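# What the coordinates show
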Amino acid sequence: MDFTLDDTQTEIGALTAKVLSTDDPWRALADAGLLALALPPDLEGDGLGVAEVAQVLTEVGRVAAPVPAYAALALGVLPVETLGTPGQRAKLLPQVAAGESLLTAALHEPSAPFAAQPATTTRAGDGHWLLSGVKTAVPYAGEAARILTPVTTPSGTAVFLVDPRADGVTLVPTRTSAGTPECTVRFDDVAVEESDLLADQGAVATLHRFALAGALALGDGLLAGALALTVKHVGERTQFGRPLATFQAVAGQIADVYVAARTVHLAVTSAVWRLASGLDADAELDVAAYWLAERAPVALATCHHLHGGVGVDETYPLHRYSSMVKDLGRALGGTAHRLGRLGERVAG
């Protein structure tokens, strides 16, 4: 099966790489139209999908850019464009595409990453729904216009669009390795209207698929970028009059990182391709998520080791890659969770 990029994805990747080198990469992404790729044409978007958005996220990862692209695009634009009503799309998406607003999603609950049956619930109120529960590790919760919130309803599961400034919402900032904003979010009888319902049947699974695809694309770029940075360093740094790359032990460790990066890239590309093609991608997403969660931290540790003292210098960019990989591992639910998901598939 050929998983090579098509011309559109290649052009998007090149344009993304170019604008990320500017002083204000988030504004540059918006001005270049890269935040509007998945918007429908009637909202002045390009009508593209997850494959093209994934290419943007991969390039963001390749330079470890400190921008909220994962939250805005994978947790916001893609699910709202797919699941939202015309009114919801028109209200929320153009502002995100313009770089003036953010969306995010609350995927996790205490001890329950990617909860398929959320403990967060809704009950009937006086002409509206009352939403209660706790969500953890919500990126950019305080900065977002809406939080896509999976809940369990009397008739099943659904996703609501919740305003983080609404009465009954409590945001508790939590630490991240990269220093990006994140919160634990508590909902205490938060009033939500029917117009806040993004979708019900199948919506939680769809949101999870986009979240995984986006995280995988970002992680693919992070591994590739860290590898390129390390290859450059060991090729230029000399010891005993020879480049470090000529030493057998160094070459072997670089080869290990290369194998990890290429394995993750193939798994990610396969999963994203299947999702973009409308095929069942759940197994491929789970496989790729396990490979990334398990191999990326080890590969980044090797990259730091090969950099020596330079690898712990905060003025050198490698720490951005390792910090983002650590946060991404949590966003995926961790290695044990990802392995457990694969075990469930085998047992099933």
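The structure we're discussing is the one just above.
### Here we look at the overall build of the chain
Of the regular secondary structure elements, the chain holds 10 helices and 10 strands. Whereas a compact globule of 348 residues would reach a radius of gyration of roughly 20 Å, the chain reaches 20 Å, a difference of no more than 12%. When the backbone C-alpha atoms are referred to their principal axes, the chain occupies close to 80 × 45 × 40 Å. Among the 348 residues that make up the chain, the fraction classed as buried is 51%. Within the chain, residue pairs in contact and separated by at least 24 positions form 70% of the contacts whose partners lie at least 6 positions apart. By element, 54% of the accessible surface of the chain is carried by carbon and sulfur atoms, the whole surface being about 15400 Å². Mean positive and mean negative side-chain charge positions of the chain (24 and 38 charges, respectively) differ by 7 Å.

### A few points about the side chain of D327
Topologically, D327 is positioned in helix α9 (residues 318-331). With near-sequence residues (within four places) excluded, D327 lies in contact with T176, S177, A178 and T180.

### Looking at the packing of aromatic side chains
Describing an aromatic ring pair means giving the distance of the ring centres and the angle of the ring planes. Enumeration over the complete set of coordinates arrives at one aromatic pair. Considering the side-chain rings of Y290 and W291, the 6.2 Å spacing of their centres and the 55° angle between planes classify their relative orientation as tilted. The ring of F247 has R242 sitting right over it, with the charged end atom 4.5 Å from the ring centre. Above the ring of F114, the side-chain terminus of R338 is found at 5.5 Å from the ring centroid.

### Comments concerning the pairing of strand β2 (residues 121-124)
Where β2 meets strand β3 (residues 129-139), four bridges bridge the pair, whose relative direction is antiparallel. Paired with T121 across the two strands is S132, which belongs to β3. Between β2 and β3, which pair antiparallel and follow one another directly, the connecting turn spans four residues, one of which, G127, has a positive phi of 85°.

What counts and what doesn't
Residue numbering note: each chain is counted from 1, following its sequence as written. For a predicted model such as this one, the threshold for reporting local features is a pLDDT of at least 70, and the threshold for listing and counting side-chain atom pairs is 80 or more; totals across whole chains, interfaces and linings nevertheless cover every residue. Side-chain numbers here rest on the full set of heavy atoms in the structure, without hydrogens or water. Helix numbering and strand numbering both begin at the N terminus, where a helix is a DSSP run of H or I of at least 4 residues and a strand a DSSP run of E of at least 2. Restricting the calculation to C-alpha atoms gives the radius of gyration, and the globule rule supplies 2.2 Å times the number of residues raised to the power 0.38. Each residue is assigned to one of three classes by its accessible area relative to the maximum for its type, calculated with a 1.4 Å probe on protein chains only: buried under 20%, partly exposed between the two thresholds, exposed over 50%. By definition in these notes, contact holds between two residues if any of their heavy atoms fall within 4.5 Å. Note on areas: these come from Shrake-Rupley sampling with a 1.4 Å probe, and a residue is covered only by the protein chains present in the view. By the counting scheme adopted, Arg and Lys are positive, Glu and Asp are negative, and His together with the chain ends is not counted. Every charge is mapped to an atom, namely NZ of Lys, CZ of Arg, CG of Asp or CD of Glu. Each pair of aromatic rings taken from Phe, Tyr and Trp, with Trp reduced to its six-membered ring, is defined by centres within 6.5 Å and is described as stacked if the planes are under 30 degrees apart, edge-to-face if over 60, and tilted in the remaining cases. Criterion for a charge above a ring: Lys NZ or Arg CZ within 6 Å of the ring centre, and within 35 degrees of the ring normal. For two strands to pair, DSSP has to find at least two bridges joining them.

All we've got here are geometric facts, nothing functional implied.
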